[in-house]
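Now for the letters of each chain:
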Amino acid sequence: MRCSMANDLIDIKVAAPPKTANAHTWVEMHLPNAKTLGRYCAWGLGRVVFSLGLFSLYGVTSALKLGIVITQATENAIKKLLKVYDALPYAGVPMSQVIEASAAVIEEPLEIITDIIAAIEGKQVMIIGEMGTGKSTLAQYLAYTVGGRVRVYECEGTPTDWQGLEVIGKGENWVAIDRGMAEDLEDLSNQMKIREERGDAALVGTERVIIVEEYPELVSKVGSSGEWLERHARRGRKARRFTVLLSQYDRVAAWGLEGKSDLADAFFRIRLGKKALAHAKSLKNEQLMNWLKQDQSHCLLDDQPLKLPPYREMKAATVRGGSTIVQAYYDNAINPQKRVENDLKPALEGDLGENCSDNDRVLWRVIQRLGGGKSDSAIVTEVLGFTGKRYGEGAALLERLRKQFGG
C-alpha cells in the first residue's frame, strides 16, 4: 500500500489478512521502528514546552492582578491618611473621614420602673401570677399605699387570709359576692353624682380599694361581675374607687374582656414569676428575660420592667395598714345588712352634727379612737393611710374634719 503525505511517500506494510479468519486466527503485528518513535517523542516534547509557556503566562497574569489590588488598596489608604493629615492644622476632622462605621446591634439599658404607685396612676390594676408569687401581698401593699378603706372578694380564703379587712364570699358564697358588687355599683353611682355636683374636692377622704381574688372565676358565677368590671374600669379612678384584680390566668378570654380592647386598656397588668418570663419571651426580648431571672422582685408592668419594693417593706405596710384602717362594712356573708356606722351611731349622736356625711363621721371617730397622743403627720400617715404624694390630701382632710367637728 502506498499513500502521499506532504509530497513524501510513506510505505505502510500491512500483512495481508487470511482469506478465512475466526476468533482464533493469529494476526501478525510489528512494533514501530526507531524513526517513528523518535518523531512521536519530538511531538510530545514540543507539547510540554508549549504547556509550560502557557502556565507561566497564567502565573504572571495572576501575580500582576494581585499586585494591582494591593497597589489600589495602598493608594486608598494613603488618600484617607492624607485627608486626616491635611486637617491636622485645623485641629479636627469629620468622623466619616477617619473611620468607616459598621452597623451593629447595641443593647440599650433597660428603663426600670421603681415607683410603682406613680406608675399605676390613672388606671386600675390586674396582678397576674402563679400561686406563691406574692399576688395578695402586693395587692394589700398597693391598697394601703394608695389609701382608703379596703374590701376584698375572696371565695376560697382561709381564716388567716386578709386579716383585719372586710372579706366577702368565703366558702364560695357567690350570692354574697353578687350582693356586694351590686352595692359597689350603687356606691359608684353616688360618687359620680357627688363629683358632678360638687367637684373632685368633695371626694377627698372617700377613697376605697376593692380587691378581687381570682376574678376570672367570678365571670361565669356572679351575674353582676360584667357590669361591675366595665363601670369600675371606665369610671372607678375618677370616683376614687381603685380596683385590684388577681388571677393565675393571662388570657383575655378568661377575664371576660375578649373583644373589649377599650376595657382592657383601662388596666395595668402586673405580671409576676413565670407569667412575666412567658410574656417577655413573647416579646422576643432576651435582655428583659435575663433581667427577670435575676431577682424575685423583678416583674413586668405591661411590657416594661418593674422592680417591686423589698418583700419586708410590703409586708410591713400590710400589717400596719390592716391595724389602723377601719373598714366600712362587716363580711356580707355573715351580716349582709349590718354596717359599721350603725355600730358607731350611739357614740356619734351626742357630739356630731346631723349635717355631716357618714364618711366624715366614721373618719372622725377613727381619729378620736386611734389618734390620741399622735402628731398630725402620724395621724395622716398611720391612721388615715395617706402616704407619699398623697400626704397633702390627708393633711387637708384632717384640717377639714377638725373644722367640721370642732376638734
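Residues numbered from 1 in each chain as written. Predicted model: local features only at pLDDT ≥ 70, side-chain atom pairs only at ≥ 80, totals over all residues. Heavy atoms only, no water.

**Student:** What's the story with the packing of helix H5 (residues 174-198) against helix H7 (residues 225-235) in this structure? I'm lost.
**Tutor:** Axes are the key here: two packed helices are described by the angle between their axes and the distance separating the axes. Direction vectors running N to C along H5 and H7 enclose 30°, while the axes themselves pass 10 Å from each other. For the element pair H5 / H7, the angle class is roughly parallel. Our pair here, H5 against H7, has a crossing hand that is left-handed. Residues Met-181, Asp-184, Leu-185, Leu-188, Ser-189 and Met-192 of H5 lie in contact with H7, whose contacting residues are Ser-225, Glu-227, Trp-228, Arg-231, His-232 and Arg-235. Tallied by class, the residues present in the contact of H5 with H7 amount to five nonpolar, three polar and four charged. (Axes fitted to C-alpha atoms, helices over the stretch in contact; angles between N-to-C directions. Helix = DSSP H or I, 4+ residues; strand = E, 2+ residues; numbered from the N terminus. Parallel < 35°, antiparallel > 145°, perpendicular 65-115°, else oblique. Left-handed = near helix turned anticlockwise from the far one by under 90°. Contact = heavy atoms within 4.5 Å. Nonpolar A, V, L, I, M, F, W, Y, C, P; charged D, E, K, R; others polar.)

**Student:** Would you mind going over the packing of helix H14 (residues 376-383) against helix H15 (residues 391-405) with me for this structure?
**Tutor:** Where H14 meets H15, the axes come as close as 9 Å, and the angle between the chain directions of the two elements is 110°. As the angle between them shows, H14 and H15 are arranged roughly perpendicular. Here the hand of the crossing between H14 and H15 comes out right-handed. Counting all contacts with H14, which are made through Asp-376, Ser-377, Ile-379, Val-380 and Thr-381, the residues of H15 involved are Tyr-391, Gly-394, Ala-395, Leu-398 and Arg-402. Partitioning the contact of H14 with H15 into residue classes produces five nonpolar, three polar and two charged.

**Student:** Where do I start with the nonpolar core in this structure?
**Tutor:** The tendency in soluble globular proteins is for nonpolar side chains to be buried as a group. Judged by nonpolar contacts, the single largest core of 31 residues is most densely connected at Ile-127, Leu-142, Ile-211 and Ile-270. Listed by contribution, the elements that provide at least two residues to this core are strand E3 (124-128), helix H4 (135-146), strand E4 (149-153), strand E6 (208-212), strand E7 (241-247), strand E8 (267-271), strand E9 (298-301) and helix H11 (311-324). Per-element accounting of this core gives the leading share, seven residues, to H4. Residues in contact with Ile-270, not counting those within four places in the same chain, are Ile-116, Val-125, Met-126, Ile-127, Ile-128, Leu-138, Leu-142, Cys-299, Leu-300, Leu-301 and Leu-306. (Core = buried A, V, L, I, M, F, W, Y, C linked by side-chain atoms within 4.5 Å. Buried < 20%, exposed > 50% of the residue type's maximum accessible area, 1.4 Å probe, protein only.)

**Student:** Honestly, the side chain of Asp-184 in this entry has me stumped. Any pointers?
**Tutor:** For Asp-184, the position within the fold is in helix H5. A polar side-chain atom of Asp-184 sits 3.1 Å from a polar atom in the side chain of Trp-228. Once residues within four sequence positions are removed from consideration, Asp-184 is found in contact with Arg-151, Tyr-153, Arg-208, Ile-210, Trp-228 and His-232. (Polar contact = N/O pair within 3.5 Å; in protein donor to acceptor, adjacent residues only side chain to side chain.)

**Student:** Quick question: what am I supposed to make of the pairing of E8 here?
**Tutor:** Along any regular strand the residues' side chains alternate between the sheet's two faces. With five of five residues buried, E8 is to be regarded as a mostly interior element. Burial along E8 is two-sided: the residues Phe-267, Arg-269 and Arg-271 and Phe-268 and Ile-270 are all buried. Of the pairings in the sheet, the one linking E8 to E9 comprises two bridges and is antiparallel in character. The partner of Ile-270 across the bridge, within E9, is Leu-301. (Pairing = 2+ DSSP bridges.)

**Student:** Looking at this structure, I do not really get the pattern of salt bridges. What am I missing?
**Tutor:** Where charged atoms from two side chains of opposite charge approach closely, those side chains can pair. Applying the stated rule across the entire model yields 13 salt bridges. Among the ionic pairs, Arg-151 bridges to Glu-183, the shortest N-O distance being 3.3 Å. In this pair, Arg-151 is assigned in strand E4 and Glu-183 in helix H5, connecting sequence segments 32 residues apart. A salt bridge links Glu-227 to Arg-231; its shortest N-O distance comes to 3.9 Å. Placement of the pair is Glu-227 and Arg-231 together in helix H7, with a separation of four residues, close to one helical turn. (Salt bridge = Lys/Arg side-chain N within 4 Å of Asp/Glu carboxyl O.)

**Student:** Help me out: how do you make sense of the pairing of E4 in this one?
**Tutor:** Within E4, five of the five residues are buried, which leaves the element mostly enclosed by the surrounding structure. Burial of the side chains of E4 extends over both faces: Arg-149, Arg-151 and Tyr-153 are buried on one face and Val-150 and Val-152 on the other. Inspection of the sheet shows E4 paired to strand E5 (residues 166-168) by three bridges, in the parallel sense. If you follow Arg-151 over to E5, its bridge partner there is Glu-166.

**Student:** Can you walk me through the confidence of the model for the chain in this structure?
**Tutor:** Interpretation of the predicted coordinates at a detailed level should be avoided for regions scoring low in pLDDT. Per-residue pLDDT for the chain averages 79, and the proportion of residues at 70 or more is 79%. Confidence drops under pLDDT 50 across residues 1-10; counting only partners more than four residues distant or on other chains, this segment forms eleven contacts. Residue range residues 323-355 is modelled with pLDDT below 50. Its contacts to residues more than four positions away, or to other chains, number 62 contacts. (pLDDT = per-residue confidence, 0-100.)

**Student:** Help me out: how do you make sense of helix H9 (residues 273-282) in this one?
**Tutor:** Along an α-helix, residues three or four positions apart point the same way, because every turn accommodates 3.6 residues. For H9, every residue scored as buried is listed here: Ala-276, His-279 and Ala-280. Each buried residue of H9 lies within a common arc of 100° when the element is viewed along its axis, so the set occupies one face. Facing away from the buried surface of H9 by more than 90 degrees, the exposed residues are Lys-274, Lys-281 and Ser-282. Elements that come into contact with the buried residues of H9 comprise E8, helix H10 (286-292) and E9. Phi turns positive, to about 60°, at Lys-284, one or two residues after H9. (Arc of directions from axis to C-beta.)

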